[in-house]
Amino acid sequence: MPAWRRLMNEKPEENNALDLSALDFGPSWARDKSEQPRKKHADQRGDKGAKPRGKRDQARPQRGQGRKPFSGDAKRGERRRGPRPQPAIAPEGVAAEIMPIEEGVDNLAKEIVASGRTHSVFELARMILVARERYKVVFRREDSTNVFYQSKHDGAVFLTQEECVSHFAKSDWKEEIYSSEQVEVEGANGKYSAVSKCGFSGFVFGPSSHHEFGKQVAAHHAAHFAAMDLEKYKSRIESDSAEEVVQAWVDSTKKLTRYTYKKDPTQVVDGELAMLEHFKTNALEEVFRFTHRADVDSQIPGKSLAPGLLTLLKDTIADQKRYPSKLAPFLCRQLSGRNLAVFKWMGKLHCGPSRPHQIADDVTLSDRLTKIKEWVSLNEGAGIDKLWEAVLPAEVTDEDKHLWYHDLHWMLDQGYLVLMHNGVLYTSSASKRKAPAESKPKGESEAS
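Residue indices begin from 1 for each chain and proceed along its sequence in written order. In keeping with the model being predicted, local features are shown solely for residues with a pLDDT of at least 70 and side-chain atom pairs are shown and tallied solely at 80 or more, while totals for entire chains, interfaces and linings include all residues. Hydrogens and water molecules were not included; the side-chain quantities draw on all heavy atoms of the structure.

**So, the sheet that holds strand β1 (residues 94-100)**
Pairing in this open sheet of three strands is antiparallel, and the strands run β1-β3-β13 from one edge to the other. Edge positions in the sheet fall to β1 and β13 (293-297), since each has one partner strand and no second. Strand after strand, the sheet turns through a mean of 25 degrees between neighbouring axes, direction not considered. With seven bridges joining them, β1 and strand β3 (residues 135-141) adopt antiparallel strand pairing. We call two strands paired when DSSP finds no fewer than two bridges between them. Helix numbering and strand numbering both begin at the N terminus, where a helix is a DSSP run of H or I of at least 4 residues and a strand a DSSP run of E of at least 2. Under this scheme, a helix contributes an axis fitted over its contacting stretch, all axes are lines through C-alpha atoms, and angles between N-to-C directions fall in the 0 to 180 degree range.

**Some details on the packing of helix α5 (residues 121-130) against helix α12 (residues 327-336)**
It is at 9 Å that the axes of α5 and α12 come closest, and there the two elements cross at 100 degrees. The orientation of α5 with respect to α12, classified from their angle, is roughly perpendicular. Taken together, the residues of α12 that come into contact with α5 (itself represented by Val121, Phe122, Leu124, Ala125, Ile128 and Leu129) are Leu327, Ala328, Leu331, Cys332 and Leu335. Charged means Asp, Glu, Lys or Arg here, nonpolar means Ala, Val, Leu, Ile, Met, Phe, Trp, Tyr, Cys or Pro, and polar covers whatever is left, Gly included. Its residues assigned to classes, the contact of α5 with α12 comprises 11 nonpolar, no polar and no charged. Should an angle fall under 35 degrees it is taken as roughly parallel, and over 145 as roughly antiparallel, whereas 65 to 115 is taken as roughly perpendicular and any remaining angle as oblique. Residue contacts are counted whenever heavy atoms from the two residues lie within 4.5 Å of one another.

**Quick word on the pattern of salt bridges**
Where side chains of opposite charge bring their charged atoms close, a pairing between them can arise. Here, a salt bridge means any side-chain nitrogen of Lys or Arg that lies within 4 Å of a carboxyl oxygen of Asp or Glu. The full count for this structure, using the stated rule, is 11 salt bridges. Measuring nitrogen to oxygen at the nearest pair gives 3.1 Å for the salt bridge that ties glutamate 97 to arginine 140. On the criterion of sequence distance, the pair formed by glutamate 97 in strand β1 and arginine 140 in strand β3 is long-range, its members being 43 residues apart. Each residue is assigned to one of three classes by its accessible area relative to the maximum for its type, calculated with a 1.4 Å probe on protein chains only: buried under 20%, partly exposed between the two thresholds, exposed over 50%. By relative accessible area, which is 28% here, arginine 140 ends up partly exposed. Beyond isolated ion pairs, a larger network of salt bridges with shared partners links Glu102, Asp106 and Arg338.

**Some points on the side chain of serine 196**
Structurally, serine 196 can be placed in strand β7 (residues 195-197). With sequence-adjacent residues up to four places away left out, serine 196 is seen in contact with Phe203, Val204, Phe205, Gly206, Pro207, Ser208, Phe213, Ile237, Glu238 and Ser239.

Rendered as structure tokens:
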């Protein structure tokens, strides 16, 4: 049975109307009215004959009333988990746009044509926003003085060259740019009583008096904690005087990683810090492209975006889920380009197989078409199942059913009748009526 016949024969309560029930934007305390707060045991128990429990019944000191501070190491857990990320601020002069993927719009257009149903454009936009694989995100620079840095390898987008270097240092494809080998060197001389190490990752920098100490700290911060202020990071550096830790660092200085630039093997540098400096100066343009527009997959990992762009992406998606005023006009253009009609229905934007049209006076309809039109005129807003119960003969064959379905579909394609997404029917003249009053976000309005 054709898809349009199956969908047209569905009852309103069984149709494939857009299910937005999962989009619960209310506060957590208002989501489930069945959950009631627990009563306080001491004040509302009401058991007058309850026996005292001794010391457990004594009032405990509240915060600021003599309670002793927590004696444990409050920073121990933070060191274990790493620095607590701070929310970044969305960059100025950058706009983010949500764009439905072309394949998804193609399938949506085919479904609307096959079913003959008319949908609210805003509901279609919200349906797209439910699943992140249905759209992509475009970042645009609103000025020409700055650019994005977008990786040619994984599509990552950053705002500064320092962020690019940090991403490259942690990437699994840096071996495509540099080859590396371990070489034996003289190593550190002298005796050391303690070494300094990162308070978050445990990476050992060496003694603070060593000539490479400052460079090691700067390199490790840029590669792993670039989002954190450098001075704050330095304040979390710890000292370790364990003999085995000091000796392990001394042994590590006797081995050096030597990097060779594959594009020009004559360029060789020693150590990761020197390699990253070489990359920033000589190979950054080979890996990243400079652009004023960056297209990214909406499911891109957060680590592949500059912190400010990640904040902007989250804010944009949340804002459009509440009210898709920017996505809806773009979706209208996409649907119109696929020969679908976008029109105002009861004051709101809708999309369907055809615009509403009045039947001309000189048009003569067949008996089946006349019965369908007259029934809908008398029962506007009724479900399609009621139509078939009223107009189909008592003993109708499958072949006759097909003819009835075909006639209704023709009237929908011509715009003489409108079948809404929830399975109710209207004549074309209902398009200019006012929609029933319904609650909507403050300031909401739909513009074509």
